[in-house]
Amino acid sequence: MPEFFIQVASIIVAVVSVVIAVFQILLFLGLPLAGYSWGGKYQGVLPMKMRIMSLPAALLLLFFGFIFLMHTKVITVGFDFPTNIFVWAITIFMGLNTLGNIASKSKKEKMVMAPLSGITFLACLLVLLFQ
């Protein structure tokens, strides 16, 4: 597969990761979006403990996107950073996350987050298999 397509796949990973990170930040800030997250256990605004968990989740998602952009040389950081193990781990995580979103009791999470995580997983898989 041409390098261009692999880079596009990594850009998709990064863009969707940023979108979901923004969503996590909105949860952290107290917006009433809880029904789209955490299996739909909460509605409206997340409890403070769960809101606090959204901040590291957002940072982790930004890291995911950054790793894929580095791995496919869309961006360079000026030093050699081993990304292979991270790409494997993120791909596995996104596959499991997609399954979790599909199995969610929340219709909102199934309709919004499952497709987003599924697209991310497929893009991760393309990078992993063809890079």
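In what follows, the accompanying structure is described. (Residues numbered from 1 in each chain as written. Predicted model: local features only at pLDDT ≥ 70, side-chain atom pairs only at ≥ 80, totals over all residues. Heavy atoms only, no water.)

**Observations concerning the overall build of the chain**
Okay, step 1: Summing up its helical and strand segments, the chain has four helices and zero strands in all.
Okay, step 2: Secondary structure of the chain in N-to-C order comes out as α-α-α-α.
Okay, step 3: Relative to the 2.2 N^0.38 estimate, which gives 14 Å for 131 residues, the radius of gyration of the chain is 15 Å and therefore close to what a compact globule would have.
Okay, step 4: In terms of principal-axis extent, the alpha carbons of the chain reach across some 45 × 30 × 20 Å.
Okay, step 5: Expressed as a percentage of the 131 residues in the chain, the buried residues total 40%.
Okay, step 6: Long-range pairs, those at least 24 residues apart, make up 58% of the contacts in the chain with a sequence separation of at least 6.
Okay, step 7: With an accessible surface of roughly 7,500 Å², the chain has 76% of that area assigned to carbon and sulfur atoms. (Helix = DSSP H or I, 4+ residues; strand = E, 2+ residues; numbered from the N terminus. Rg over C-alpha atoms; globule rule 2.2 N^0.38 Å. Buried < 20%, exposed > 50% of the residue type's maximum accessible area, 1.4 Å probe, protein only. Contact = heavy atoms within 4.5 Å. Areas by Shrake-Rupley, 256 points an atom, 1.4 Å probe, with all protein chains shown as cover.)

**Concerning helix α3 (residues 84-103)**
Okay, step 1: Look at α3: 29 Å from first C-alpha to last across 20 residues, which is about the 28 Å you get at 1.5 Å a residue.
Okay, step 2: Taken as a whole, α3 has its buried residues at V87, I90, T91, M94, G95, T98 and N101. Down the axis of α3, the smallest arc covering the buried residues is 140°, so these residues share one side. Opposite its buried face, α3 presents the exposed residues I85, L96, L99 and A103, each directed more than 90 degrees away.
Okay, step 3: Buried positions along α3 lie against α2 (48-71) and α4 (107-130). (Expected span 1.5 Å × (residues − 1). Arc of directions from axis to C-beta.)

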